[in-house]
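Chain by chain, the residues:
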Amino acid sequence: MTDILIASHGHFASGLQSSLEILTGMGNKVKVIDAYVDDSDYTPQIEEFIKSAKRPAVIFTDLKGGSVNQKVMLEAADQKDIFIVTQMNLAIIMSVLLDSEPLTKEHLQDLIVQSQVELLEIPQSQQDQEKETVNDFFE
Amino acid sequence: MIAQLRVDDRLIHGQVALVWTKELNTPGIVVANDNAANNEMVQMTLKMATPTGKKLLIRNVDDAIKVFNNPKGANMRIFALTNNVQDALKIAENVKDIEGINVANVGRFTKDADDAIQLSSTLMMTPDELAALKKLATLDIPVFHQIVPNNAKTPISSLLKDAK
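Remember, it's a predicted structure, so these values are computed and weren't measured experimentally.

A. Broad picture of the overall build of chain A. A tally of helices and strands in chain A yields 6 helices and 4 strands. In terms of overall size, chain A is more extended than a compact globule, its C-alpha atoms giving a radius of gyration of 18 Å where 139 residues would be expected to give roughly 14 Å. For the C-alpha atoms alone, the extent of chain A along its principal axes is close to 55 × 30 × 30 Å. Taking all 139 residues of chain A together, 41% fall into the buried category. Sequence-distant contacts in chain A: of pairs separated by 6 or more residues, those separated by 24 or more amount to 68%.

B. Just the interface of chain A and chain B, in detail. Across the contact, 26 residues belong to chain A and 27 residues belong to chain B. A buried area of about 2,200 Å², summed over both sides, lies between chain A and chain B, and 58% of it is on carbon and sulfur atoms. Taken together, the links from chain A to chain B amount to 0 salt bridges. The interface formed by chain A and chain B contains 5 residue pairs in polar contact (both at pLDDT 80 or more).

C. Local environment of the nonpolar core. The biggest cluster of nonpolar side chains holds 38 residues, and the ones touching the most others in it are B:Ile91 and B:Val103. The residues touching B:Val103, leaving out its near neighbours within four places in the chain, are B:Val7, B:Val85, B:Leu123, B:Met125, B:Leu133, B:Leu136, B:Val143, B:Phe144, B:His145, B:Gln146 and B:Ile156. Counting residues in hydrophobic clusters, the runner-up holds 23 residues, among them A:Val58, A:Phe60, A:Met88 and A:Leu108.

D. Focus on unusual backbone geometry. All names here are of chain A. With omega at -5 degrees, the peptide bond leading from Arg 55 into Pro 56 counts as cis. Unusually for a residue other than glycine, Asp 81 sits at a positive phi of about 60 degrees. Here Asp 81 shows up in the loop between helix 3 (67-76) and strand 4 (82-85).

E. Focus on the sheet that holds strand 3 (residues 57-61) of chain A. Residue and element names in this part refer to chain A. With parallel pairing, 4 strands are arranged side by side in an open sheet as 2-1-3-4. The sheet is open, and its two edges are formed by strand 2 (31-35) and strand 4, each paired on a single side. Sheet twist, expressed as the average angle between the axes of neighbouring strands with direction ignored, equals 15 degrees. Two strands pair when backbone bridges link them, and strand 3 and strand 4 are joined in this way by 4 bridges, in the parallel orientation. If you follow Ala 57 over to strand 4, its bridge partner there is Ile 82. Against the sheet, helix 3 touches strand 1 (3-9), strand 2, strand 3 and strand 4, its axis set at about 165 degrees to strand 4.

F. Highlighting the packing of helix 4 (residues 90-98) of chain A against helix 5 (residues 105-113) of chain A. Residue and element names in this part refer to chain A. Orientation of helix 4 relative to helix 5, taken along the N-to-C sense of each, is 140 degrees, at an axis distance of 9 Å. In terms of orientation, helix 4 lies oblique with respect to helix 5. Read as a crossing pair, helix 4 and helix 5 show a hand that is right-handed. Contacts from Ile 92, Ser 95 and Val 96 in helix 4 reach Leu 108, Leu 111 and Ile 112 in helix 5. Looking at side-chain class alone, the contact of helix 4 with helix 5 contains 5 nonpolar, 1 polar and no charged residues.

What counts as what
- Residues numbered from 1 in each chain as written.
- Chains lettered and ligands numbered in written order.
- Predicted model: local features only at pLDDT ≥ 70, side-chain atom pairs only at ≥ 80, totals over all residues.
- Heavy atoms only, no water.
- Helix = DSSP H or I, 4+ residues; strand = E, 2+ residues; numbered from the N terminus.
- Rg over C-alpha atoms; globule rule 2.2 N^0.38 Å.
- Buried < 20%, exposed > 50% of the residue type's maximum accessible area, 1.4 Å probe, protein only.
- Contact = heavy atoms within 4.5 Å.
- Buried area = accessible area lost by both parts, 1.4 Å probe.
- Salt bridge = Lys/Arg side-chain N within 4 Å of Asp/Glu carboxyl O.
- Polar contact = N/O pair within 3.5 Å; in protein donor to acceptor, adjacent residues only side chain to side chain.
- Core = buried A, V, L, I, M, F, W, Y, C linked by side-chain atoms within 4.5 Å.
- Pairing = 2+ DSSP bridges.
- Axes fitted to C-alpha atoms, helices over the stretch in contact; angles between N-to-C directions.
- Parallel < 35°, antiparallel > 145°, perpendicular 65-115°, else oblique.
- Left-handed = near helix turned anticlockwise from the far one by under 90°.
- Nonpolar A, V, L, I, M, F, W, Y, C, P; charged D, E, K, R; others polar.

These figures capture arrangement, not role.
Okay, here's the thing in structure tokens:
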């Protein structure tokens, strides 16, 4: 399993951890930083993760260009094999958490492509839906 | 063959779609549910929940039993889902090749549950459901409770014993 740190402004990070726990039972496998919920400095927690995480590791942040993301980038700048993924969502974190392949940059890129937000179109009639058949199923 | 028959009142959802199909290595998912088989909207949401690359079949319980007994499926690992214990019992009594039955989430969406009995944090059983579960536990198939693979498998017989 890849070592994961999730960092956000406010309780988004621990909220994602709560969702991960319900969906996978693996909420305790990720580290989280809820920044700015009090006036403490969260930089030491980033340092600690970078120091202890086995490589490759992934740090997820909430917002590109946000201060949490900036801090993470500065701390990880001179590090090898720490991937920083920003604009995070539940889908990408679950994908990385449950993934069993070696985490390369290319593979991570694939997981990210599969985890985008999307606009859902609700089909208005049965014609819009393909009916699955038993033969298709056993093919 | 059915790699796992799961009773889950949400049918296909996050836990099932991503976590369990991976864990069980099942290329095919069969939802055996009379309501879903007749409701386009439910079918649409279930299709949406199915992971890319997995095949999905939604059938009423009787038709699903035919699918499970189809010789073409003998070597295919199938993940089967019902949303109540009675349907699972009917399948278990009419299908030979079932590796295990996981009674995972039951009763959270049951409206009329005044006399329901709680077996675990995610199992709320009406008297009818409890009777079906007791019958299920007597069959020659492992019947257990396991919400996510990370949890230990709890035998249903031990939950039934504790509930008395």
